[in-house]
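Given next are the chains, with one letter for each unit.
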Amino acid sequence: MSKSRGLFGIFQKILLAMLFVSLVPMGVIWFLDYRSATEQNERQVQERLSSYADGLTRQVDGWMEMNRRMLLQNAALQDMRSMREAQQTPLLQSIVDKYEWNYLSFTTDVTGNNVSRSDGKGPKYYGDREYFLQVVNGAELGKQVLIGKTSGVPALVLSTPIFDANRKLAGVLATAMTIEDISNTVTAARIGRTGFAFLLDENGQVVAHPSEEYTRVRKDLSTHPAFVALNQQSRRSIEFKDESGKKVLAYMARTGQGWTMVAQQDVEEAYESIAARQRDALILLGVTLVLVFVVAYLIARGLSRPILNLTRVAEALSKGDLNVTIDEVSRGDEIGALAQAVERLGASIRYAMDRLKKMKSAGSAP
């Protein structure tokens, strides 16, 4: 029983020592590598999402700038400044012909009454439209995304002031255009399997979204965490849970016209490379642990058995049993040296015992 306990104690000590020597450094290396990989992956995810959001924002801004310049140039023409229907109509028709995404161009006076239009239909009143009121109140460019009365689909109306020769507001030039091109540009962006982009106007209503239903009804997403984070907290990135409870990463950018571009991706997919790396590292640690146990067991057997045998020999010698065999004397290591020392001790004890017997025999002779 005592031998078994001794063997187990030696084995336990060797095992703990090997675990400490092998697993602690490996654990430290794994932790440092995992932290570095996590930070690198976070930067890559952030850069990927920001690249999508910023790139799409630049495209939207470029498209808006092109249309803005077109309106300003036409508003500055003499025939447009005349505020006469006969002179304005050819110009309005040329806008629609040249820029195919425009389906209606028209002008109003300062009260919002229609002066001229490109489609030849009867005049309408536009004085209650947001894009008209923005220009009347001093904006260089008015804008409004709405469901077009003419087209019946989501449209963008841009407007700009028409000034007379004295730089006094004489009317408003506006053009209604489909947003299909810009919407396709935004919704075509696919970020992995779960990522996508969408565009909201300054009020949080959908301008472009992968969901056709959201786009068709111009769904109000003013409470969306990404919109709130950018417009109320001035944050450009956020992690939140969507309606299904999944964690989502989002990066936001603001267009030149105050719209919000959002690029988002599920956290699980965004960080799946880290999860895979962590899984591989844990498997490696597990394999290492098994190997350490096996090696420790073999080493323990190789060390504990000769030590226990030498202990048995020493105990036998102490009890006067001098006819013991020491197998370890043939070893060339420290245990062999110890065995040789024990063997010499046994020889010395035998020699001393023999002398004692001889002396005792000589003393008892007649």
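Student: So what about the overall build of the protein chain? Which residues, and what values?
Tutor: On a plain count of helices and strands, the protein chain comes out with 10 helices and 11 strands. The buried share among the 366 residues of the protein chain stands at 39%. For the protein chain, the accessible area works out to roughly 20700 Å², and carbon and sulfur atoms hold 55% of it.

Student: If you had to explain helix α3 (residues 85-98) to someone new, which residues and values would you point to?
Tutor: Helix length check: α3 (14 residues) gives 20 Å between terminal C-alpha atoms against 20 Å at 1.5 Å per residue, within 8%. Three or more residues of α3 are buried, namely Q88, T89, L91, L92, I95 and V96.

Student: Can you explain the pairing of strand β11 (residues 260-266)? Please cite residues and give values.
Tutor: Most of β11 sits inside the fold, with 7 of its 7 residues counted as buried. Covered by surrounding structure in β11 are T260, V262, Q264 and D266 together with M261, A263 and Q265, the residues of both alternating faces. Bridging between strand β7 (residues 195-200) and β11 involves 5 bridges; their strand directions are antiparallel. Within β11, the position partnered with F196 by the bridge is Q264. Pairing analysis gives 7 bridges linking strand β10 (residues 247-254) to β11, with the strands arranged antiparallel. Within β11, the residue paired with R254 across the bridge is T260. Between β10 and β11, which pair antiparallel and follow one another directly, the connecting turn spans 5 residues, one of which, G258, has a positive phi of 85 degrees.

Student: With reference to specific residues and values, describe the nonpolar core.
Tutor: V60, L156 and W259 are the most contacted members of the largest nonpolar core, which totals 42 residues. At 10 residues, the largest contribution of residues to this core is made by helix α1 (residues 2-75). Contacts of L156, omitting those with residues within four sequence positions, involve W63, M64, K143, Q144, V145, T175, A176, M177, I179 and W259. In terms of nonpolar packing, the next biggest core, distinct from the first, is built from 15 residues, F196, L200, V206 and A250 among them.

Student: Would you mind going over the layout of surface pockets in detail, with residue names and values included?
Tutor: When its volume is computed, the largest pocket comes out at roughly 400 Å³. Surrounding the largest pocket, 18 residues form its lining, Y214, H224, D242, E243 and Q264 being those nearest its centre. Mapped by element, the contributors of at least two residues to the lining of the largest pocket are β7, β9 (237-241) and β11. Empty space within the second largest pocket amounts to approximately 290 Å³. Looking at the lining of the second largest pocket, the elements with two or more residues in it are α5 (180-187) and α6 (212-217). Counting residues per element, the lining of the second largest pocket draws most heavily on α5, which supplies 4 residues. Class assignment of the residues belonging to the lining of the second largest pocket gives a composition of 4 nonpolar, 7 polar and 3 charged.

Student: Describe in detail the packing of aromatic side chains, supporting the description with residues and values.
Tutor: A ring pair, where both rings are aromatic, is described by two values, the distance of the centres and the angle of the planes. Per the counting criterion, the structure on display carries 4 aromatic pairs. Seen from their ring centres, F106 and Y126 are 4.3 Å apart, and the 20 degrees between their planes marks the pair as stacked. With F106 in strand β1 (residues 102-108) and Y126 in the loop between β2 (114-117) and α4 (130-136), this pair connects stretches of sequence that are 20 residues apart. Exposure class is identical for F106 and Y126. Each is buried.

Student: Can you break down the sheet that holds strand β3 (residues 142-147) residue by residue, with the values?
Tutor: With respect to topology, 5 strands assemble into an open sheet ordered β2-β1-β5-β4-β3, the strand pairing being antiparallel. In this open sheet, the two strands that pair with only one neighbour each are β2 and β3. Strand-to-strand twist in this sheet, taken as the mean axis angle between neighbours without regard to direction, amounts to 25 degrees. With 3 bridges joining them, β1 and β2 adopt antiparallel strand pairing. Within β2, the position partnered with T107 by the bridge is S116. Sitting on the sheet, α3 touches β1, β2, β4 (154-163) and β5 (169-178), and the angle it makes with β1 is about 155 degrees.

Student: An account of the side chain of T187 is needed here, citing residue identities and associated values.
Tutor: Among the structural elements, T187 can be located in helix α5. If we skip the residues at most four places from it in the chain, T187 touches A208, H209 and P210.

Student: An account of the environment of N102 is needed here, citing residue identities and associated values.
Tutor: Within the secondary structure layout, N102 lies in strand β1. Owing to a relative accessible area of 2%, N102 belongs among the buried residues under this scheme. Measuring from C-alpha to C-alpha, the distance between N102 and V157 comes to 9.3 Å, with 55 residues separating the pair along the chain. The residues touching N102, leaving out its near neighbours within four places in the chain, are N67, M70, I95, V96, T175, A176 and M177. Side-chain polar atoms of N102 contact the side chain of T175, separated by 2.3 Å.

Student: Tell me about the pairing of β7, and name the residues and values.
Tutor: Within β7, 6 of the 6 residues are buried, leaving the element largely enclosed by the surrounding structure. Residue alternation in β7 divides its side chains into two sets, G195, A197 and L199 and F196, F198 and L200, and both sets are buried. Here strand β6 (residues 190-191) pairs with β7 via 2 bridges, running antiparallel. Within β7, the residue paired with I191 across the bridge is G195. Pairing geometry for β7 and strand β8 (residues 206-208), over 2 bridges, is antiparallel. Within β8, the position partnered with L199 by the bridge is A208.

Thresholds, definitions, all that
- Residues numbered from 1 in each chain as written.
- Predicted model: local features only at pLDDT ≥ 70, side-chain atom pairs only at ≥ 80, totals over all residues.
- Heavy atoms only, no water.
- Helix = DSSP H or I, 4+ residues; strand = E, 2+ residues; numbered from the N terminus.
- Buried < 20%, exposed > 50% of the residue type's maximum accessible area, 1.4 Å probe, protein only.
- Areas by Shrake-Rupley, 256 points an atom, 1.4 Å probe, with all protein chains shown as cover.
- Expected span 1.5 Å × (residues − 1).
- Pairing = 2+ DSSP bridges.
- Core = buried A, V, L, I, M, F, W, Y, C linked by side-chain atoms within 4.5 Å.
- Contact = heavy atoms within 4.5 Å.
- 1 Å grid on protein atoms, 1.4 Å probe; cavity = no way out; pocket = protein on both sides within 12 Å on 5 of 7 lines; lining within 4 Å.
- Points joined across faces, edges and corners; volume = space filled by probe spheres on them.
- Nonpolar A, V, L, I, M, F, W, Y, C, P; charged D, E, K, R; others polar.
- Phe/Tyr/Trp six-rings, centres within 6.5 Å; stacked < 30°, edge-to-face > 60°.
- Axes fitted to C-alpha atoms, helices over the stretch in contact; angles between N-to-C directions.
- Polar contact = N/O pair within 3.5 Å; in protein donor to acceptor, adjacent residues only side chain to side chain.

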